[in-house]
Amino acid sequence: MIHAYTFDGTNIVFDVNSNQVHIVDEPSFKIIKDYEKIDVNQLKIKYSPVYGNLVVEEILEEIAALIAKGLLFTADPFEGEINLPKPEPVVKALCLHLAHDCNLRCRYCFAGQGDFGGVRGLMPAEVGRKAIDFLLRSSGSRRHVEVDFFGGEPLLNRPVLLELVDYGRVKAGEAGKEIKFTLTTNTLLLDQEIQKFIGENHLAVVLSIDGRPAVHDYMRPFPAGHGSYDRVAERIVQFINSPHCREHYVRGTFTRHNLDFCEDVRHLAELGCRQISVEPVVAGAESDYALREEDIPALMLEYDKLTRYILDLHRDGTEINFFHFNIELEEGPCLAKRLTGCSAGLEYLAVTPEGDLYPCHQFVGRDNYRVGTVFDDAIDKNSAYLFAKAHIYNKKACQNCWAKFNCSGGCHANALAFNNSLFEPYWLGCLLARKRLECALYLKAMISHFK
């Protein structure tokens, strides 16, 4: 399977099963697109009067050589069908909900503006310690494991966060393992002391901001209703320019109120941000900010605009890393990872303040998806098996999709929310994923030319 398209005059051929990208001239582009539809003699009859016999012969020879090397029209490694064995759940990452509470009231918050539809509260240190113990026990022979501090706003539970990092370091060392900690924060409580702690303990950080002041303030107000941009932007600029900032992303969300989200990326870049993620909102049709079908043409054009903007920055010597355009073709995820994506419900679980386990943070509160607690090792294996089955070969919509190995079938929670099935991907998510991949392939090809 191939995907052939043109971006700003550049002809790109992506070989799906080998993950190879070819930049080709117009004659090669047209002949490759027809190659599996028309036999060689018919190709010569069709294109020789246009490009000449010699050119067509050379192109056909090059195509044959690429096929022989497994770089073009590569066969599906599983021939469209795969049966994975039932896995024993081996957990490599936990998302600890330190706070089911928040000091903002973001309009689009999937967590019910911090409380996940329940009682507001903080995770006790005892639950956090049990969660880390559970992770170290349940990670099998894995040496590297991960803990994400999440909310709500996790810095509302600052003493527990500090204690758990220290506890995790000690316990992981005793177990011969290493824990990578990540903090997701709206930055309002990101003072100098916690910044220093982050740097000293090598925490990765996700910093939430939606871009331009009016965009951010409309969607991310304080409980009293006024905007939070000024304080958030000040903290982000301070932190990313401090000696304590290492691995991080500045993350925003765009809605139908800012379909021109390239301008928000531009704004963040002008603040000095270089690791940026601005992602589409996921919301039901009843929300005024939800993306709609009529927004699709504008979204496609905006991703094109964003691609050109990032390319121009690179040409001028200013590199930014946009998360959704970040693609690794040579040494990317193993095939098993590309089949199942984020591994929610298998290797990744979310932990509530009470210690309940769910497949990921977006499943919290759905009682039928509760898979256990951190107080014992009895994970619901049937749930793990169900998520293991929700891979691209078991999703009809993925079968003939050229982006399937890079998209991995999309978000499980979105599939369930919009289609009531783990096996039917969210259609808008698929559409945007394909567009982003086209932009990413073009951007990678162009940047490699002037590096």
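In the block above lies the structure referred to throughout.
Residues numbered from 1 in each chain as written. Predicted model: local features only at pLDDT ≥ 70, side-chain atom pairs only at ≥ 80, totals over all residues. Heavy atoms only, no water.

> Break down the pattern of salt bridges for me, with residues and values.
Summed over the entire model, instances satisfying the criterion amount to 23 salt bridges. The salt bridge partner of Asp295 is Arg256, with a shortest N-O separation of 2.8 Å. Of this pair, Asp295 sits in the loop between β11 (275-280) and α10 (296-315) while Arg256 is found in the loop between β10 (248-254) and α9 (262-270), placing the two residues 39 residues apart along the sequence. Given the relative accessible area of 23%, Arg256 is considered partly exposed. The shortest N-O distance in the salt bridge between Glu263 and Lys305 comes to 2.9 Å. (Salt bridge = Lys/Arg side-chain N within 4 Å of Asp/Glu carboxyl O. Helix = DSSP H or I, 4+ residues; strand = E, 2+ residues; numbered from the N terminus. Buried < 20%, exposed > 50% of the residue type's maximum accessible area, 1.4 Å probe, protein only.)

> Now, about helix α14 (residues 412-419): what can you tell me, with residues and values included?
For an α-helix the count is 3.6 residues per turn, leaving residues at separations of three or four pointing the same way. Residues His412, Ala413, Asn414, Ala415 and Leu416 constitute the buried set of α14. Where α14 terminates, the next one or two residues include Asn420, which has phi positive at roughly 60°.

> Account for the sheet that holds strand β15 (residues 372-373), with residues named and values stated.
What links the strands of a sheet is backbone hydrogen bonding, and the strands pair in either a parallel or an antiparallel sense. One open sheet holds the ten strands; their spatial order is β12-β11-β10-β9-β8-β7-β4-β13-β14-β15, and the pairing between them is mixed. Across the chains shown, the open sheet's two edge strands, defined by having one partner strand only, are β12 (321-322) and β15. By the bridge criterion, four bridges tie strand β4 (residues 93-97) to strand β13 (residues 348-351) in an arrangement that is parallel. Across the sheet, Cys95 pairs through a bridge with Ala350, a residue of β13. Where α9 meets the sheet, it contacts β10, β11 and β12, and its direction lies at approximately 160° from that of β11. (Pairing = 2+ DSSP bridges. Contact = heavy atoms within 4.5 Å. Axes fitted to C-alpha atoms, helices over the stretch in contact; angles between N-to-C directions.)

> Report on the pairing of strand β3 (residues 20-24), specifying residues and quantitative values.
Regular strands place side chains that alternate from one sheet face to the opposite one. Bridge analysis of strand β2 (residues 10-15) against β3 gives five bridges, and the strand direction is antiparallel. Bridging across to β3, Asn11 finds its partner in Val24. Where β2 folds back on β3, the antiparallel hairpin that results is connected by four residues, among which Asn19 adopts a positive phi of roughly 65°.

> Outline a negative patch on the surface, supporting the account with residue identities and numerical values.
On the surface, a cluster of negative charge is made up of Asp25, Glu58, Glu61 and Glu62. Assignment of secondary structure puts Glu61 in helix α3 (residues 53-68). (Patch = residues over 30% accessible without salt bridge, like charges linked within 9 Å, V, L, I, M, F, W, Y side chains within 5 Å. Areas by Shrake-Rupley, 256 points an atom, 1.4 Å probe, with all protein chains shown as cover. Lys, Arg positive; Asp, Glu negative; His and termini not counted. Charge placed at Lys NZ, Arg CZ, Asp CG, Glu CD.)

> Hey, could you go over the packing of helix α1 (residues 26-34) against α3 for me, with residue numbers and the actual values?
Angle between the axes and distance between the axes: these two values describe a pair of packed helices. Where α1 meets α3, the closest approach of the two axes is 10 Å, and the angle between their N-to-C directions is 60°. Considering the angle they form, α1 stands oblique to α3. Crossing of α1 over α3 shows right-handed handedness. In contact with Pro27, Ser28, Ile31 and Ile32 of α1, α3 contributes Val55, Val56, Ile59, Leu60 and Ile63. Taken together, the residues of the contact of α1 with α3 sort by class into eight nonpolar, one polar and no charged. (Parallel < 35°, antiparallel > 145°, perpendicular 65-115°, else oblique. Left-handed = near helix turned anticlockwise from the far one by under 90°. Nonpolar A, V, L, I, M, F, W, Y, C, P; charged D, E, K, R; others polar.)

> With reference to specific residues and values, describe the nonpolar core.
Membership of the largest hydrophobic core comes to 106 residues, with the highest contact counts inside it found for Leu94, Leu96, Phe149, Ile276, Leu306 and Phe325. Looking at this core, the element that brings in the most residues is helix α15 (residues 427-449), giving eleven residues. With 19 residues, the next largest nonpolar core counts Val364, Tyr369, Phe387 and Ala390 among its residues. (Core = buried A, V, L, I, M, F, W, Y, C linked by side-chain atoms within 4.5 Å.)

> Give me the packing of aromatic side chains: which residues, what numbers.
A complete count under the given rule lists 15 aromatic pairs for this structure. With centroids separated by 6.1 Å and ring planes inclined at 15°, the aromatic side chains of Tyr47 and Tyr51 adopt a geometry described as stacked. Of the two residues, Tyr47 and Tyr51 both sit in helix α2 (residues 40-51), four residues apart, roughly one turn of that helix. When sorted by exposure, Tyr47 lands in the same class as Tyr51, which is buried. For the pair Phe363 and Phe387, a centre-to-centre distance of 5.6 Å together with 75° between the ring planes defines the contact as edge-to-face. In this pair, Phe363 sits in the loop between β14 (356-358) and β15 while Phe387 sits in helix α12 (residues 381-389), placing the two residues 24 residues apart along the sequence. (Phe/Tyr/Trp six-rings, centres within 6.5 Å; stacked < 30°, edge-to-face > 60°.)

> Account for the sheet that holds strand β1 (residues 2-7), with residues named and values stated.
Sheet architecture is open: three strands sit in the order β1-β2-β3, paired in antiparallel fashion. Each edge of the sheet is formed by a strand with only one pairing partner; in this case those strands are β1 and β3. Between one strand axis and the next, the sheet turns by 20° as a mean value, whatever way the strands run.

> Which residues make up the pairing of β2, and what values go with them?
For β2, the tally of buried residues reaches six of six residues, placing the bulk of the element in the interior. Taking every second residue as pointing to the same face, both faces of β2 are buried, with Thr10, Ile12 and Phe14 on one and Asn11, Val13 and Asp15 on the other. Bridge analysis of β1 against β2 gives six bridges, and the strand direction is antiparallel. Residue pairing across strands places Tyr5 opposite Ile12, the latter belonging to β2.

> Quick one: what's the story with the environment of His22, residue by residue and with numbers?
You can see His22 is positioned in strand β3. Spatially, the C-alpha atom of His22 lies 8.3 Å from that of Asn11, the residues being eleven residues apart in sequence. Excluding residues within four positions of it along the chain, His22 makes contact with Asn11, Ile12, Val13, Leu66, Leu71 and Leu72. A distance of 2.8 Å separates the side chain of His22 from the backbone oxygen of Leu71, its partner in a polar contact. (Polar contact = N/O pair within 3.5 Å; in protein donor to acceptor, adjacent residues only side chain to side chain.)

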